[in-house]
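These are the residues of each chain, in order.
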Amino acid sequence: MKQYQIKSELHWRLKADKLTVYSTNTNLCKELLVDDPEGTFNFLNFIGEARSESELAEYPFLTKEEKTQIIDFLIDHQYLRMENAKTPIELERLDRFVSTFPHQDFDVYQGELNQAKVLVIGLGTAGSYQLEMLHKIGLKHFTIIDGDQVALENLSAQSYLASDVGHYKVDVIKKRYESASVEITSINECVRTYRQLKELVDLEAFQYVIDCADDHYLALNIVENLFHEFPKAKLFLNEYTVLQQCSLMITAQNWKELHSKLATGLTADDGARDLCSNSGAIFNSWFLTFSIAKMIFDDLFEVGDADYAFADFQLNTYFVGNKFAKNLYSEFETKNKRQYRFVNHRSAPHESPWIGPLNEITVFDPKLVRMPILSAEKKRLLAEPSQSELLKHNLMIKDTYQAHAKVSFSEVEQTFLDFLEKHVSLAARLKVEQAISNNQVYIGNKSFLRRESYTLKTADKTLVYSVEDPQKPTTQTLSIIHELLHLVYFDTSENTRDHENFVRAMQTAFFLDNLGKPVVRQLAQAYLQETVNAFIGMAYTLEYEKAVLRQQVPLFFDQHPETQDNVAEFLNILNHYLNRFSPFELERYYQPIIDNTKELTKLEELLYESSPE
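What counts and how
Residues numbered from 1 in each chain as written. Predicted model: local features only at pLDDT ≥ 70, side-chain atom pairs only at ≥ 80, totals over all residues. Heavy atoms only, no water. Helix = DSSP H or I, 4+ residues; strand = E, 2+ residues; numbered from the N terminus. Buried < 20%, exposed > 50% of the residue type's maximum accessible area, 1.4 Å probe, protein only. Contact = heavy atoms within 4.5 Å. Areas by Shrake-Rupley, 256 points an atom, 1.4 Å probe, with all protein chains shown as cover. 1 Å grid on protein atoms, 1.4 Å probe; cavity = no way out; pocket = protein on both sides within 12 Å on 5 of 7 lines; lining within 4 Å. Points joined across faces, edges and corners; volume = space filled by probe spheres on them. Nonpolar A, V, L, I, M, F, W, Y, C, P; charged D, E, K, R; others polar. Pairing = 2+ DSSP bridges. Axes fitted to C-alpha atoms, helices over the stretch in contact; angles between N-to-C directions.

Caption draft 1: A look at the overall build of the chain. Looking only at helices and strands, the chain has 25 helices and 17 strands in total. When the 613 residues of the chain are sorted by exposure, 47% land in the buried category. Considering only contacts within the chain whose residues lie at least 6 apart along the sequence, 66% involve residues at least 24 apart. When the accessible surface of the chain is summed, it comes to about 32,400 Å², and 50% of that surface belongs to carbon and sulfur atoms.

Structure (structure tokens):
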């Protein structure tokens, strides 16, 4: 008998006459536009239990037409479970989980789950937990290969108990997981070559081959042979090293690229000698197990295309997805490393601080921990005289532009695009328009550890992140313009210094070119205020760094008595701008301001003039 039951796992909610589905998932949440939200929700609640057609017909609070419309809508969107055949009780939770994915229905995949076969080679750190998760996502046919016995040292990382010590691993795993619904073939052998593997099993029978043998030469041997004979197979390889690990799915489409990398790594003779031991722990076991199971799950249920997983247990960064997403993730990971300043920055000899901690006492007599190695550019800067007159000028005008109106990016967007077309190129304008329309520009600050706007270049896109305080729209608008100019310049160069020179020059030119527009004039005031403050902070910091390296700190305070009079404010500047691991890091931002002094002075003078008609 046909029955109808709402997928309550999608979390339906009625709040203030607003009916939503996927209500707790901000990525998926949708509002259902209905004439009677409460009446509709009550009906959904009624079919929270499986109901027959006769029970639906007897429901008294909606008309037959209204009930038919709701049921048809739920069926069209796969929000309804048709209870024709009951899911086995041990898979009910899996059924509900799969069904929460948009447009997915567990019943469609049961046949494939019943037929798919999995081969696991090696039941150690990487392999001993595989069946625990794989049989719980509905897989039923396994072949396991391992020739080792459980040892006491295996217990901390592998899926064995003290009572298993001395027993063969394949026997322990088979006894634990084999049941009326799970079939396991066990082979008590240590596999060394692809040829030996072919003699042990019929590889054509397996949809998934999971190599957990921790043998690089076996892995290479399998990769270079498997796909010639069995192109439909999917192979999983794993690698873990110091506090990091990865898993990847290899197919007939990508095996050549990965084979080349594996072969190069094994045959490279660079004279290096290694001293290492196996440090695999329970975290390696569980992440490898989860990663492989999730990749197989995505493949079986067609909910994603994950083929790569990576973990860093020191940074607490974990990734499962495809290679394209990994390229993007790597950019975030780089930023993550900079933000964490993790321990080995301090312990690595070439990255130890060059200057000791600064406080209200040590700032007058800082400890030079080591003499840093300076590039030619930094040596030039160390030898240069200070920009004392420019610093004095900026100190004099620093309070001039404190009050300025709030300006959102949307208010100047069209003017900015016109400027790009006129002063850069039509291609630059189109690139920025495309980035904005394709959601390559992110505006917000909740997802980041600190406010730092930046532009990321990935495989085929350049992404702009503006993470300034959204409560300060003018600052945010300046940040967006700054980062969009970086996006434009990526077509010319990826050199950081060249980028900053281009961006500073173009920002200033944009304001000079459009100063007649009141909203741009207001934004220009904020731009000058921001530039003045940044220059003062960077100038003080660079001069202080010079004084430390020259061992002339008392002279610095003699030349800048205002810093001595307000030590707390000066320390705030140093804490914001000074990089304790590498001096003069500000130079690439500082020099473009100096190079654009003429244009900035012109902008300053024009802002003093009366407003245009």
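Still more ground to cover, so stick around.
Caption draft 2: Structural detail: the layout of surface pockets. Its boundaries defined by the atoms lining it, the second largest pocket holds a volume of some 1,500 Å³. Contributing elements (two or more residues each) for the lining of the second largest pocket: α9 (216-229), β11 (234-241), β12 (244-250) and α10 (255-267). When its residues are assigned to classes, the lining of the second largest pocket shows 22 nonpolar, 14 polar and 12 charged.

Caption draft 3: Up close: the sheet that holds strand β6 (residues 80-82). Taken in spatial order, the three strands of this open sheet run β5-β1-β6, and their pairing is antiparallel. In this open sheet, the two edge strands, each paired with only one partner strand, are β5 (51-52) and β6. The pairing of strand β1 (residues 3-6) with β6 spans three bridges and is antiparallel. Counterpart to Ile 6 in the pairing with β6 is Leu 80. In the packing of helix α3 (residues 64-76) onto the sheet, the strands contacted are β1 and β6, and the crossing angle to β6 comes to about 85°.

Caption draft 4: Summary view of empty space enclosed by the protein. The full count for this structure, using the stated rule, is one cavity of 30 Å³ or more. Looking at the largest cavity, its volume works out to about 30 Å³. As for the largest cavity, its lining consists of Ser 386, Gln 387, Ser 388, Leu 391, Ala 539, Glu 543, His 560 and Tyr 590. Counting residues per element, the ones that place at least two in the lining of the largest cavity are α15 (388-397) and α20 (518-550).

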